[in-house]
Amino acid sequence: MYPFRVKTIRFAHGERYPLLLDTNTGKPLLMPTVYITSSRRSANLAVKSLEVELRSIMHLYAWAMIEGVDIEVRFSQGCFFELHEIDAIARAAHYKYNHLLDVLHIEPTIASTAVGEPIENVRKLAPQRPDGIQGATVATRIRHIRDYLDWLGAMSLVRSSTTSESYRNMQNARERMKAAFSARLPKSRGRNQVQLRESVDNSVVNQILAALHPDSPGNPFNDYGSRVRNQLIFLLLYTTGIRRGECLGIKVEDIDFQSNTLLIRRRADDPKDPRKDQPNAKTKDRKLPVETAVIESLQNYIINVRRRLPVAKQHTFLFVTHKAGNYTGMPLSHPGYSKIFATLRKKIPNIPQNLSGHTLRHVWNENFSQLMDASGTTEDREKQLRNYLMGWSDRSNMAAHYARRHIMQKANEASLNLQRVVTRDISNGSE
């Protein structure tokens, strides 16, 4: 059992509230709870953002437990972390939580290695570099830890007179600590462009859509209702580029069958949503046009499939659980959604193992880029249209991230054209 965990509770009025718990007692840790409540929740952050911050703080408390450090006692005495401790915390941030407790206590043993020992043997004795954690994730973790400790430091300063020498010393130590954490943030240099490809070819999408047809003998899902629902989810993601939370948050009344439009709306802390881990739109509300064939599929699902489930009549969330059990007819959950794509990866041959719902958001953006190129749309106008359809602000630069593969393709085409010109000139010069 891990010593700490983050748990999100749901209040009767619908608000979701994350807590960092001591698993031995089942009680929330006091100061992280005060921090989230007084400093972060008041900033109107999304529940998911608060959960991420608490998981970063959980890393800090796991490190402190291993090192025998009582963070709150230390800071209440005005003893902030020194450089060697900050280095150790920054190293801990590189590990996944399930590996953290296994590796932090390992110390290098190179100093005790016999003289003349082969260098490969020495390397084997050293702690291994952690795998699987992106630099951006580590930076986020360190940043959250830094901000929490800086807040703890501010709480300590409240107990001292602002004119005292001890106050000035503590303030200087607090500033040095914050600067030291900032200096240890991994810097993303953007060098690895090859491995950033998150999209798939449309031929792969067509293969999956063929397998997802409810009457397909190769359909990987057994229940007919699940087959209709899963085909519709995949088709909706592919044609509109919406996110997972936006998809799971759709209500029947969000669909306008007269104008063929779909309203994507943010409903934070919806009291009518029974899911503790509430799906939600991440960005701006918007109304999206939906192609007639997709509208007809939505109508068919609502009238001929969804309405057959008695529990589904008690709420208006569009996508529900069809598998027989305690949750039949309830709104589809995050795990249920993820299982759809896990099943596709497992059961359909020759499809990418990184396929997810978010992959289809990248596919949509590539298709949109190609359409804008073909229509001769200006770059500024394309950005405006994309930002609206994706729910980004007018000033957002997210378009560059999602259009990366399309940009790489255009760059490759330009490079090949240049090579043809150069090689042709060389050939002509040699004649």
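Bear in mind the structure is a predicted one, so any value in this text is a computation, not a measurement.

Things to note about the nonpolar core
Inference 1: Counting 54 residues, the largest nonpolar core has Ile208, Phe234, Phe319, Phe341 and Leu344 as the members making the most contacts within it.
Inference 2: Among all residues touching Ile208, those that are not within four sequence positions of it are Phe234, Leu344, Ile348, Ile351 and Leu355.
Inference 3: Counting residues in hydrophobic clusters, the runner-up holds 45 residues, among them Leu50, Ile142, Met177 and Leu185.

Structural notes on the pattern of salt bridges
Inference 1: Under the definition given, this model contains 16 salt bridges.
Inference 2: For the salt bridge of Glu246 with Arg286, the shortest nitrogen-to-oxygen distance reads 3.0 Å. Separated by 40 residues along the polypeptide, Glu246 in helix H11 (residues 244–248) and Arg286 in strand E6 (residues 286–289) bring together distant segments of the chain.
Inference 3: Take Arg286: its relative accessible area is 3%, and that puts it in the buried class.
Inference 4: Salt bridges sharing partners connect three or more residues here, namely Lys48, Glu51, Arg55 and Asp277.

Topic: the sheet that holds strand E5 (residues 261–264)
Inference 1: Taking strand neighbours across the sheet as the criterion, the three strands line up as E4-E5-E6 in an open arrangement whose pairing is antiparallel. Every other strand in the sheet has two partners, leaving strand E4 (255–256) and E6 as the edge strands with one partner each.
Inference 2: In this structure, E5 lies alongside E6, joined through four bridges in antiparallel fashion. Bridge assignment links Thr261 to a residue of E6, and that residue is Pro289.

Brief notes about the sheet that holds strand E2 (residues 16–22)
Two modes of strand pairing occur in sheets, parallel and antiparallel, and in both the strands are linked by backbone hydrogen bonds.
Inference 1: Pairing is antiparallel across the open sheet formed by three strands, whose spatial order is E1-E2-E3. Of all strands in the sheet, those with a lone pairing partner are strand E1 (4–10) and strand E3 (27–28), marking the two edges.
Inference 2: Two elements, E2 and E3, share two bridges in a ladder whose sense is antiparallel. Its bridge partner lying in E3, Asp22 is registered against Lys27.
Inference 3: Strands in contact with helix H1 (residues 30–40) are E2 and E3; relative to E2, the strand with the most contacts, it is inclined by about 160°.
Inference 4: Seen against the sheet, helix H2 (residues 47–67) touches E1 and E2 and runs at an angle of roughly 155° to E1.

A few points about unusual backbone geometry
Excluding glycine, residues mostly carry a negative phi; peptide bonds, for their part, are mostly trans.
Inference 1: For Asn260, which is not glycine, the phi dihedral falls at a positive 55°.
Inference 2: Summarising the element assignment, Asn260 is placed in the loop between E4 and E5.
Inference 3: You will see that Asp269, though not glycine, has its phi angle at about 55°, which is positive.
Inference 4: Along the polypeptide, Asp269 turns up in the loop between E5 and E6.

Focus on the pairing of E5
Inference 1: Of the two faces of E5, the one carrying Thr261 and Leu263 and the one carrying Leu262 and Ile264 are both buried.
Inference 2: Summarising the sheet, E4 and E5 pair through two bridges and their orientation is antiparallel. Bridge assignment links Ile255 to a residue of E5, and that residue is Leu262.
Inference 3: Following E4, the chain reverses through four residues before pairing antiparallel with E5; Asn260 in that reversal takes a positive phi of roughly 55°.

Focus on the packing of H1 against helix H7 (residues 135–157)
Inference 1: With their axes 11 Å apart at the nearest point, H1 and H7 run at an angle of 95° to one another. Judged on the interaxial angle alone, H7 and H1 are roughly perpendicular. Two secondary-structure elements touch here, H1 through Met31, Pro32, Val34, Tyr35, Ser38 and Ser39 and H7 through Asp147, Tyr148, Trp151 and Leu152.
Inference 2: Partitioning the contact of H1 with H7 into residue classes produces seven nonpolar, two polar and one charged.

Points about empty space enclosed by the protein
Inference 1: Within this structure, the stated rule accounts for three cavities of 30 Å³ or more.
Inference 2: In this structure, the second largest cavity occupies an estimated 60 Å³ of space.
Inference 3: Around the second largest cavity sit Gly249, Arg265, Arg267, Asp270, Asp273, Gln278, Pro279, Asn280, Ala281 and Phe317, which together line it.
Inference 4: Partitioned by chemical class, the residues of the lining of the second largest cavity number three nonpolar, three polar and four charged.

Rules behind the numbers
For every chain, the first residue of the written sequence is number 1, and numbering continues from 1 onward in sequence order. Given that the model is predicted, a residue must reach a pLDDT of at least 70 before its local features are reported, and side-chain atom pairs must reach 80 or more before they are shown or counted; all residues, however, enter totals for whole chains, interfaces and linings. Only hydrogens and water are set aside when side-chain values are computed; all heavy atoms of the structure are taken into account. By convention a nonpolar core is built from buried Ala, Val, Leu, Ile, Met, Phe, Trp, Tyr and Cys residues, the set being connected through side-chain atoms within 4.5 Å. The classification of residues rests on relative accessible area computed with a 1.4 Å probe and restricted to protein chains. Under 20% of the type maximum is buried, over 50% is exposed, and intermediate values are partly exposed. Residue contacts are defined here by distance: any two heavy atoms, one from each residue, within 4.5 Å place the two residues in contact. For this document, the term salt bridge refers to a Lys or Arg side-chain nitrogen within 4 Å of an Asp or Glu carboxyl oxygen. Numbering of helices and strands runs from the N terminus; a helix is a DSSP stretch of H or I covering at least four residues, while a strand is a stretch of E covering at least two. In short, DSSP must find at least two bridges between two strands for them to pair. Interaxial angle, 0 to 180 degrees, is taken between N-to-C directions of lines fitted to C-alpha atoms, where a helix line uses only the stretch in contact. Here roughly perpendicular refers to angles of 65 to 115 degrees, roughly parallel to angles under 35, roughly antiparallel to angles over 145, and oblique to all remaining angles. Amino acids outside the nonpolar list (Ala, Val, Leu, Ile, Met, Phe, Trp, Tyr, Cys, Pro) and the charged list (Asp, Glu, Lys, Arg) are all regarded as polar, and Gly is one of them. Only protein atoms enter the 1 Å grid used here. Points where a 1.4 Å probe fits but cannot escape make up a cavity, open sets with protein on both sides within 12 Å along at least five of seven lines make up a pocket, and a residue lines them when an atom lies within 4 Å of a point. Grid points are joined across faces, edges and corners, and a volume is the space filled by probe spheres set on the points.

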